[in-house]
Structures are given as C-alpha cells and as structure tokens.
Amino acid sequence: EYDLYHTKNTYQPTVGDLVFFDNDLNGVSDHVGIVVEVDNKLHTIEGNAGNGVYEKKYEFSNESILGYAKLPENPNKDNNKHKTYSYTKSNKIT
C-alpha cells in the first residue's frame, strides 16, 4: 500500500531511510541501519555493531546491502510529544 521497500539497484537512498543488510548472504535481512549521509558512500548509524552504536560507511555496491525503506512522514509530527535524539559526528547518540 505504501511502497516503502526498494531493492538496492532500484532506489537512491536519502537521509533518514532505513538500510537492510544480509551479512551472511542468505537472502534474508539480518541487520538494519539508518542512513545519515549520502555522498560517494553510504553513511549509516547502526546499533548492535561491535557492542555499541557507530557510524559506518559503505560502497553502494556492497554485497550485503539488500535494500532500503523510505519511511512516510509522521502526520502528527507537530503534536509529537516523544523525546527526540540528536546525532553528532562524535559517533555518540545524545
């Protein structure tokens, strides 16, 4: 209904997208990250990566990338009372 998921060869990711990985190359996603920057590489924030939360960089051709999800805008974002988090280049979530 929402057309959220896109395979890696059919979509150019943007900041805020989810990226799905298949680290054991069996065709099933086993890890996810958040896209934080797109230039000549894909920059992600990932948890559960070496017992921490880290920024990682990937070539777009990386074989473990399965695809991306573009999340819809929150229709209630002006009324959102949830705590927000910010990311800094120091690789820490605050």
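That block above? That's the structure.
Caption draft 1: Local environment of the nonpolar core. Counting eight residues, the largest nonpolar core is built from Tyr 11, Val 19, Phe 21, Val 35, Leu 42, Tyr 58, Ile 65 and Tyr 68. Of all the secondary-structure elements, those providing two or more residues to this core are strand E2 (18-21) and strand E6 (65-69). Apart from residues lying up to four places away in sequence, Val 35 is in contact with Pro 13, Thr 14, Val 15, Gly 16, Asp 17, Val 19, Leu 42, His 43 and Thr 44.

Caption draft 2: A look at the sheet that holds strand E1 (residues 5-7). Judged by pairing direction, the sheet is antiparallel, and its six strands sit side by side in the order E1-E6-E2-E3-E4-E5 without closing on themselves. The sheet is open, and its two borders are formed by E1 and strand E5 (54-58), each paired with just one other strand. Put simply, the sheet's adjacent strands are angled 35° from each other on average, direction ignored. As paired elements, E2 and E6 share four bridges and run antiparallel to each other. Bridge assignment links Phe 20 to a residue of E6, and that residue is Gly 67.

Caption draft 3: Quick look at the side chain of Asp 22. When you line up the elements, Asp 22 lands in the loop between E2 and strand E3 (31-38). This buried residue, Asp 22, is left without a salt bridge; Lys 8 holds the nearest opposite charge, at 9.6 Å. Here Leu 25 takes part through its backbone nitrogen, which lies 3.0 Å from a polar atom of the side chain of Asp 22. Leave out the neighbours within four places in its chain, and Asp 22 touches Gly 27, Val 28, Asp 30, Ser 64 and Leu 66.

Caption draft 4: Structural detail: unusual backbone geometry. Non-glycine residue Leu 25 carries a positive phi angle of around 55°. Within the secondary structure layout, Leu 25 lies in the loop between E2 and E3. For Leu 25, a relative accessible area of 46% translates into the label partly exposed.

Caption draft 5: Highlighting the pattern of salt bridges. Going through the model one piece at a time under the given rule, you end up with two salt bridges. In this structure, the salt-bridge partner of Lys 70 is Asp 17, at a minimum N-O distance of 3.7 Å. Note that Lys 70 is positioned in the loop between E6 and strand E7 (87-88) and Asp 17 in the loop between E1 and E2, a separation of 53 residues in sequence. You can call Lys 70 partly exposed: its relative accessible area is 36%. Residue Lys 41 pairs with Glu 59 through a salt bridge whose shortest N-O separation is 3.2 Å. Linking Lys 41 in the loop between E3 and strand E4 (42-46) with Glu 59 in the loop between E5 and E6, this pair joins segments that are 18 residues apart in sequence.

The rules behind these values
- Residues numbered from 1 in each chain as written.
- Predicted model: local features only at pLDDT ≥ 70, side-chain atom pairs only at ≥ 80, totals over all residues.
- Heavy atoms only, no water.
- Core = buried A, V, L, I, M, F, W, Y, C linked by side-chain atoms within 4.5 Å.
- Buried < 20%, exposed > 50% of the residue type's maximum accessible area, 1.4 Å probe, protein only.
- Helix = DSSP H or I, 4+ residues; strand = E, 2+ residues; numbered from the N terminus.
- Contact = heavy atoms within 4.5 Å.
- Pairing = 2+ DSSP bridges.
- Axes fitted to C-alpha atoms, helices over the stretch in contact; angles between N-to-C directions.
- Lys, Arg positive; Asp, Glu negative; His and termini not counted.
- Salt bridge = Lys/Arg side-chain N within 4 Å of Asp/Glu carboxyl O.
- Polar contact = N/O pair within 3.5 Å; in protein donor to acceptor, adjacent residues only side chain to side chain.

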